[in-house]
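# Structure assessment
Below, each chain spelled out in residue letters.
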Amino acid sequence: MDAEAIRREQTLVLLKPDAVARGLTGTLLERFEQAGLKIVALKMVHPTKEKAAGHYDGPDEWIRGMGQKTLDSFAEFDMDVETVLGTTDTYTIGTMVRGWLVDYIASGPIIAMVLEGVHAITAVRRMVGFTIPARAEPGTIRGDYSIDSNTLSSLEKRSTKNMIHASGDTEEAAQEIAYWFKPDETVSYQRADEIVMF
Ligand code: ADP
């Protein structure tokens, strides 16, 4: 990786319907901008279920991972997952969660953006924090602005409301940026503070 690639790493961020409906768009953009991340693409869209499903079209291991997170949380609170969801199979639970997630993302307008900056993918994931807001560290966006839990949301058969999606790795970022933005919708410019920040 050369210096330019590090400086110009790009990641996709979605402000989910709960973040937009709560009027937190500006606050969240400000956090990213203040951290030195540059907005290079931005749009508001109310996704169809098809569009939302295409975004969450991850591999089986991702589906199982969501199922596993659910099992872990139920175990932590001594709750019986089988009684609530009718199965203990991580793939079946993950598939259920994915369905709730697609409904959630398609439930209202979202903000899609591309952020660019030094190690942007990792930096943004760290700022966003752990998937389950009730267990996300204070100081992270999910920890500071949300409180939902996946045990509660599973009982209510809905997705955990955690405000933000951010790409997990380089491959995912490239794929997700291309999914939400045409090449000519991404811009290139210099921010005035870059010269002193890195
Ligand atoms: P992250 O968004 O932190 O990368 P995942 O990719 O594992 O997390 O999950 C995608 C999204 O699915 C989460 O952001 C959350 O909105 C929702 N979700 C994940 N796990 C659960 C769950 N067990 N119950 C309900 N919703 C969930």
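For the structure, see preceding data.
I will try to describe carefully the structure that is included in this document. (Residues numbered from 1 in each chain as written. Predicted model: local features only at pLDDT ≥ 70, side-chain atom pairs only at ≥ 80, totals over all residues. Heavy atoms only, no water.)

## Structural notes on the overall build of the protein chain
- On a plain count of helices and strands, the protein chain comes out with 12 helices and 4 strands.
- For 198 residues, the compact-globule formula gives about 16 Å, and the C-alpha radius of gyration of the protein chain, at 17 Å, lands near that figure.
- Over its C-alpha atoms, taken along the principal directions, the protein chain stretches across nearly 55 × 35 × 35 Å.
- Classification of the 198 residues of the protein chain by burial places 45% in the buried group.
- Relative to all contacts within the protein chain whose residues are 6 or more apart in sequence, the contacts with residues 24 or more apart total 77%.
- If you sum the accessible surface of the protein chain, you get close to 10100 Å²; carbon and sulfur atoms cover 54% of it.
- Within the protein chain, the 30 negative side-chain charges are centred at a point lying 4 Å from the centre of the 21 positive side-chain charges. (Helix = DSSP H or I, 4+ residues; strand = E, 2+ residues; numbered from the N terminus. Rg over C-alpha atoms; globule rule 2.2 N^0.38 Å. Buried < 20%, exposed > 50% of the residue type's maximum accessible area, 1.4 Å probe, protein only. Contact = heavy atoms within 4.5 Å. Areas by Shrake-Rupley, 256 points an atom, 1.4 Å probe, with all protein chains shown as cover. Lys, Arg positive; Asp, Glu negative; His and termini not counted. Charge placed at Lys NZ, Arg CZ, Asp CG, Glu CD.)

## Quick notes on the site of the ligand
- The immediate surroundings of the ligand are formed by 17 residues, with Trp62, Lys69, Thr70, Thr131 and Asn162 found nearest.
- At a separation of 3.0 Å, an oxygen atom of the ligand approaches a polar side-chain atom of Arg125.
- A distance of 2.7 Å separates an oxygen atom of the ligand from a polar atom in the side chain of Asn162.
- Contact with the protein chains covers 95% of the free accessible surface of the ligand, which is 530 Å².
- Considering every element that reaches the shell around the ligand, the biggest residue donor is helix H5 (residues 60-76), with 4 residues.
- Residues of the shell around the ligand, tallied by class, amount to 5 nonpolar, 7 polar and 5 charged. (Near = heavy atom within 4 Å. Polar contact = N/O pair within 3.5 Å; in protein donor to acceptor, adjacent residues only side chain to side chain. Nonpolar A, V, L, I, M, F, W, Y, C, P; charged D, E, K, R; others polar.)

## With respect to the packing of aromatic side chains
- Evaluated as defined, the whole model comprises 2 aromatic pairs.
- For the ring pair Tyr179 and Trp180, a centre distance of 5.6 Å and an interplane angle of 90° mean the geometry is edge-to-face.
- For the cation-ring pair, Lys38 lies above Tyr189, with the distance from its terminal atom to the ring centre recorded as 5.3 Å.
- Directly above the ring of Tyr179 sits Lys51, whose terminal nitrogen or CZ lies 4.0 Å from the centroid. (Phe/Tyr/Trp six-rings, centres within 6.5 Å; stacked < 30°, edge-to-face > 60°. Lys NZ or Arg CZ within 6 Å of the ring centre and 35° of its normal.)

## Some words on helix H7 (residues 90-105)
- Helix length check: H7 (16 residues) gives 22 Å between terminal C-alpha atoms against 22 Å at 1.5 Å per residue, within 8%.
- Those residues of H7 lying buried are Thr90, Ile93, Gly94, Val97, Trp100, Leu101, Val102, Tyr104 and Ile105.
- If you follow the buried residues of H7, they end up packed against helix H2 (17-21), helix H4 (49-55), H5, helix H6 (81-85), strand S3 (110-117) and helix H10 (150-155). (Expected span 1.5 Å × (residues − 1).)

## Some words on the nonpolar core
- Ranked by internal contacts, the top residues of the largest apolar core, which has 21 residues, are Val13, Leu15, Leu28, Phe32, Leu115, Val124 and Ile164.
- Sort the elements by how many residues they give to this core and helix H8 (residues 120-128) lands first, with 4 residues.
- Not counting the four nearest positions on each side in its chain, Val13 is found in contact with Phe32, Ile111, Ala112, Met113, Leu115, Val124, Ile164, His165 and Ala166.
- Listed in part, the 16 residues of the second largest apolar core include Met66, Leu85, Trp100 and Ala106. (Core = buried A, V, L, I, M, F, W, Y, C linked by side-chain atoms within 4.5 Å.)

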